[in-house]
Amino acid sequence: MPQIFTKTSNLLAKSSLIGLIVLAVLGLGLAAVVQSSPFETDVGIARAQPVPFSHKHHVGSLRLDCRHCHSAVEDSATAGMPTTETCMGCHAQIWKDAPMLEPVRQSFRDGTPIAWQRVNDLPDFVYFDHSVHLRSGVGCVSCHGKVESMPLTVKTAPLSMEWCLECHESPEKFLRPQSLITSSETFPAEEQTRIGTAVMKENHVERRTDCYVCHR
Amino acid sequence: MWKDGRIVMFATGKKPSKAKGALARFWQELKDFPSSGDERSAPEETAAEAWLGGRLNRRDFLGVLEASMALAGITGCTAQPPEFLVPAAKSREDRILTAPTYFATTYLHHGYGIGILAESHLGRPTKIEGNPNHPSSLGAASAAMQASLLELYDPDRSQSVRCQGATKSWNDFLQALNNRMKNPETFRLRILSEHISSPSALNLMRTIKKRFPLFEWHSYDPTDSEYRNLALQRVFDRPCRPDYQFAKAKRILVFDSDPLGEGADALRLAREFAEGRRVSATQAMNRLYAVEPSFTLTGGMADERLVLGAEGLASSLYFCAELCGISVPKGPYALKKTDKDWLTTAMEDLLAHKGESLVVAGDHLSVESQALALLINEKLEAYSETILLREEDPYDRGAKDIKALMAALNAGEVDGLVLLGGNPLYTLPKDLAFDQALAKVPLSVHWSLYADETSARCQWHLPMAHSLESWGDARSMNGTVSFVQPLITPLYQGRTLIEVLGLIADGQEKNGLLRMQDYWKTRFGPKDFEGMWKKTLREGILAGSEAKVIERPLKNLSLPARPPALDRSLSVIFRTDPTIDDGRFGNNAWLQELPKPFSQITWGNALIVGPGFARSRGLKSGDHIRLEKGPRFLEAPVFVQAGQADDTVVATLGYGRTHAGRVGNHHGYDTAGLRSLEEFWLVENVTVKALKGKSRFARRQRYMDPGAADPVKVYDYDFYQKFPDQVHHDLNPYPQQPNILKPSPLMNAVDESDKPAWSMTIDLNTCIGCNACMIACQAENNIPVVGKEQVALGREMHWIRVDTYYEGHEENPRAVHQPVPCMHCEQAPCESVCPVGATVHSEEGLNQMVYNRCVGTRYCSNNCPYKVRRFNFLDYGQGDDPHLALMQNPDVTVRSRGVMEKCTYCVQRIRASEIEEKKTRSDGVRGRLAFETACQQTCPVKAIVFGNRNDPKAEVAQTAKSPLRYDLLGALNTKPRTGYLAKFINRRKGVQG
């Protein structure tokens, strides 16, 4: 009876075993890359909005304060979106006939709200509160990036748990004094640690990593 | 069994070393009546096998395993759907739209107002709590009040006006109404309503009478007993209402009455009773005597309880009256020597506390019995002390009864009948043939929340607006006015009582709010109106509006004649169902799944019979019987209940519905067939016949073996006064043990220093077992209902349960209730067995459950000695109805299939208070801002205390250190953060206990 397997079969068997391991490692690596890429996290991807609102214009050029529109940010869990009346406070006089702003005027006329696509969206099992983060010294820029340079608003952080924990484990790397809370100024690492440690002490910020801090 | 001062238990044969003065031998189920036709006769394995279609072989097993692995992979990869941010078009300055807001409004309990605070999240009502300002609530809310939230979102609620089954509009109805009522002078209009306390609605009734001179108003409420009013009329000769003051009462004797559990004032009375029961150095504990045929919540709390059937009850009141020196017709009492001794000792005790004692007779007892109780109270000098008699407006009680309406209907003297609320076709005794009488009316209209049995037989059906959608007003039991204000515009086309009465009063469409304001403007004048209106809406009550108290009220001491002696045979008494009332909450799944106190039956009813009755007839729980009296009869299964009189059967109303809705149809048995108007609450001389049928009840699972676990600790109060140290040692016999569990790497070390240490104590001494905490938890934490079959498999999801233990002989045992939430053990057995670290400890001592990590091994539940963990087997929470999704509390995750869940100590409320504290405090101290968990907030007797143990000012810091606190299963050294305070029984020496 002739041999079924030739000598080369040995090599084939060994290399395919190694190959499987290599493939698995590569696959996992690829999954990790995809997981943290904008494909999965949506970082840097602009979404179609009813009105192409530009933070670059309103914040960067006109120097509007964040809290002018997101007025609930210091008092409630959500930052709050401006009502149509807030928009029309200016746009009843400026650019009042611009075709781009027709959805705003339409909403003002008949009272139907404008539906904006969410850019920064946490999973529903995470409970985030804007007011307490501000109070502790987390600036807008830490999560939302430099919005004053965004013609269309995009997500700048992956909002993954790993990313949240960077700050929850070492708040001193991110905290800033209340006077700079809406500013997008950033500091070199060493100075940031010095400022952050001071803010931590002043605001009694603790390293909070219990599950129930964010999940319930 | 009393062991000197404590109830001790050594059912397992091993006798623990108990202190003297303790009660022993607790049990949960009657031994002679095993649960053959009972719950959980189909064990879980059988269910799994049935699902797989027969025997589970290796190949099937691997198949299922593979499928579930694949499913687990797929479900973990669902992409997050895109979401929208939808800001309001108009700005509001008075509040932050995204933060929850509370509105003071009113819940209507059979027409009487109870103040509530309703929470609104982004315009959606999500939770109902009691209004601390309101005299009938004092901050508490009953199970039914809280569950009325589910009613608001119920998709089965009536959604449109209907005429003969066809969908119509309100305009169509108004036209039809005005066409019919062209000649108001001659139109013979009748209204049949339930009790109405609303001042503006009553005012509209007067307007209707002006427009229709022949108009008559009738009132019928299946829970309201006319006997009470007749007795009051007889003794006081004026319309009035007794307002019991349990706060002043040191001795209370109740005759088949449930003041702590039933009626619109139950929450207040329970609170007052509990305040008099706290163990303190400054006040002596009150004492409660109860004479009743079947366990009620009040009877379960009694220090001394006497079981008497319907016959003995009537006699006992005559006997007690005689003891007080009231000369009553003598007669052979249907009482045994021991019963007489019991009553004599009790009355002596009451008479020794004149001005501090009172007698309460059940509303459904005969007029004579209730009149006697009122006379006994005079002898006890109770009036103006422990009972305030409050004036009633004669017009409020001016409605005629149902008998007058039946006569007019049958004589064809009615041109139009408007039924306001209620479901008389279902709730009226069947021998009245109300449906036939209704068919004779040319115009019949039914306004109700559901298109129910009555709607089906009326020409017009009008949808009712839910009270959370309505403007209105109401009076409480003591007459206090409160307003009903809407939190949401009507989800369907419902209209309010004022709007419907308004349509009849002037035939015009007019906003109900304007009509209500019109009335209050006439009462207060345009100048004071604005201030009164705003203040009442904000505070929830109209200050100073309670009814006047009548001083020295007794008018008539004429003695009631002795009723004919009852035939010494079987009696049936009727009671409303403890959870679904007279059937009005039939479609409310929360209340259907809430275990009935004592029997623990869910999703159905049974005839409650005594063990002696069952034994003599060879009956077991679940066996069907037929009860007959003449042509009237009912057929239903029996449930054998300890502590139930053998000559009396209790039948509960509210089941056997056919038009309740998808949830409530075809559960249980309709018992109204045996009732008649004359024998409304009590049917005597009933014959009984065993039938072949057998039913299974879906009863809540029992979790703990009282013999082995020693879960409840009960002591004699007198013994405790003499030997407190012995009791203290008995409660905590074990010396402090070291921690044995090493913290896992995933677990933060429990910090005992400056961090908050959340802790809870539950006072068994005051818990009345009303189950309000279970519904509070369900509403707050988005807990799903599982349905009858799943309850029968032991898969209910309640995060807090209320266990009931009995002690003593089956004829008249003592009952003890024990609420059991998660213990948040510092040495948690669940944590050490979780293979994926899904349950870990927080530095504040919370036993955290991380849903996203949970893979559903259920090891934790197996290892939990308290059995408080709940597993979501079948995705119970994900209803496909969009209405029900609106009801969910947005601060709590809606859990999915295959995930373990349990009490979190309302961590969302902990976080909310912590954030509030962080924003308002500058010194960084945490856990000093008082707040309440949902169960604690709603508890009528304030038995649950929760807070930060490390805060010296917190109440829990005291109760946690109290020598009366003990750990459940303390021998296991789990170091639970939830502890219990021992129960005491204030026995009367000389009374058979």
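Residues numbered from 1 in each chain as written. Chains lettered and ligands numbered in written order. Predicted model: local features only at pLDDT ≥ 70, side-chain atom pairs only at ≥ 80, totals over all residues. Heavy atoms only, no water.

1. Describing the sheet that holds strand β9 (residues 161–163) of chain B
All names here are of chain B. Just so we agree on the cut-off: Here, strands pair whenever DSSP counts at least two bridges between them. Secondary structure elements are defined from DSSP: runs of H or I of at least 4 residues count as helices, runs of E of at least 2 residues count as strands, and each element is numbered from the N terminus. In this analysis an axis means a line fitted to C-alpha atoms, helices contributing only their contacting stretch, and an angle means the value between N-to-C directions, from 0 to 180 degrees. Residue contacts are counted whenever heavy atoms from the two residues lie within 4.5 Å of one another.
Pairing is mixed in the open sheet, where seven strands are placed in the order β10-β9-β21-β20-β19-β11-β12. Where the open sheet ends on each side, the last strands, each with one partner, are β10 (166–168) and β12 (216–219). Strand-to-strand twist of the sheet, defined as the mean angle between neighbouring strand axes without regard to direction, takes the value 20°. Across the sheet, helix α4 (residues 170–180) touches β9, β10, β20 (443–448) and β21 (460–463), and the angle it forms with β21 is around 130°. Each of β11 (189–193), β19 (416–420), β20 and β21 touches helix α16 (residues 497–506); the most contacted strand, β19, lies at about 170° to it.

2. Examining the packing of aromatic side chains
Residues and elements named next belong to chain B. Where we set the bar: Stacked, edge-to-face and tilted labels apply to pairs of Phe, Tyr and Trp rings (six-membered ring for Trp) whose centres lie within 6.5 Å, assigned for plane angles under 30 degrees, over 60, and everything in between, in that order. Residue burial is assigned from relative accessible area. The probe radius is 1.4 Å, only protein chains are included, and a residue is buried under 20% of its type maximum, exposed over 50%, and partly exposed in between.
One pass over the structure, following the stated rule, counts 28 aromatic pairs over all chains. Where phenylalanine 173 meets tryptophan 460, the ring centres are 5.3 Å apart and the plane angle is 65°; that geometry is what we call edge-to-face. Of this pair, phenylalanine 173 sits in helix α4 while tryptophan 460 sits in strand β21, and the two are 287 residues apart along the sequence. Neither residue differs from the other here; phenylalanine 173 and tryptophan 460 are each classed as buried. Taken together through their ring pairs, the aromatic side chains of Trp471, Phe483, Tyr519, Trp520, Phe524, Phe529 and Trp533 make up a single cluster.

3. A closer look at the packing of helix α6 (residues 226–236) of chain B against helix α11 (residues 367–379) of chain B
All names here are of chain B. Note the cut-off: Angular relationships are summarised with four words: roughly parallel below 35 degrees, roughly antiparallel beyond 145, roughly perpendicular across 65 to 115, and oblique for the angles in between. Whether a crossing is left-handed or right-handed is set by the direction in which the near helix is turned from the far one by less than a right angle, anticlockwise for left-handed and clockwise for right-handed.
Taken N-terminus to C-terminus, the directions of α6 and α11 make an angle of 50°; their axes are 8 Å apart at the nearest point. By the angle between their directions, the pair α6 and α11 is classed as oblique. Judged by the sense of rotation from one axis to the other, the crossing of α6 with α11 is right-handed. On the side of α6, the interface is formed by Tyr227, Arg228, Leu230, Ala231, Leu232, Arg234, Val235 and Phe236, while α11 contributes Val367, Glu368, Gln370, Ala371, Leu374 and Leu375.

4. Observations regarding the nonpolar core
Residue and element names in this part refer to chain B. So the rule is basically this: Only buried residues count toward a nonpolar core. Its members are Ala, Val, Leu, Ile, Met, Phe, Trp, Tyr and Cys residues joined through side-chain atoms within 4.5 Å.
Formed by 113 residues in total, the largest nonpolar core has its most connected members in Phe255, Ile376 and Leu627. Broken down by element, this core gets its largest block of residues, seven residues, from α11. Ignoring sequence-local partners within four residues, the contact set of phenylalanine 255 consists of Val291, Leu313, Ser316, Leu317, Cys320, Leu343, Val359, Val360, Ala361, Gly362 and Leu365.

5. Considerations on the interface of chain B and chain A
Test applied: A quick way to say it: buried area is the sum, across both parts, of accessible area lost when two parts are put together, with a 1.4 Å probe. The salt bridge definition used is simple: a Lys or Arg side-chain nitrogen within 4 Å of an Asp or Glu carboxyl oxygen.
Listed as interface residues are 46 residues of chain B and, on the opposing side, 41 residues of chain A. Between chain B and chain A lies a buried interface of about 3,900 Å² when both sides are counted; carbon and sulfur atoms form 50% of it. Considering only the side of chain B, the residues that lose the most area to chain A are Glu83, Leu85 and Lys918 of chain B, jointly responsible for 17% of the buried surface there. Counting the contacts that link chain B with chain A gives five salt bridges.

6. Points about the confidence of the model for chain B
Residues and elements named next belong to chain B. Quick reminder of the rule: pLDDT: the predictor's confidence for each residue, scored from 0 to 100.
Confidence along chain B averages 87 in pLDDT terms, with 89% of residues attaining 70 or more. Across residues 8–17 the pLDDT falls below 50, and counting only partners more than four positions away or on other chains, this stretch makes 27 contacts in the model. The complex prediction reports pTM at 0.91, with the ipTM value standing at 0.89.

7. Quick word on the sheet that holds strand β35 (residues 801–807) of chain B
Residues and elements named next belong to chain B. Pairing is antiparallel across the open sheet formed by three strands, whose spatial order is β4-β35-β36. Because the sheet does not close on itself, it has two edges, and the strands there are β4 (26–27) and β36 (814–820). Pairing geometry for β4 and β35, over two bridges, is antiparallel. If you follow phenylalanine 26 over to β35, its bridge partner there is glutamate 807.

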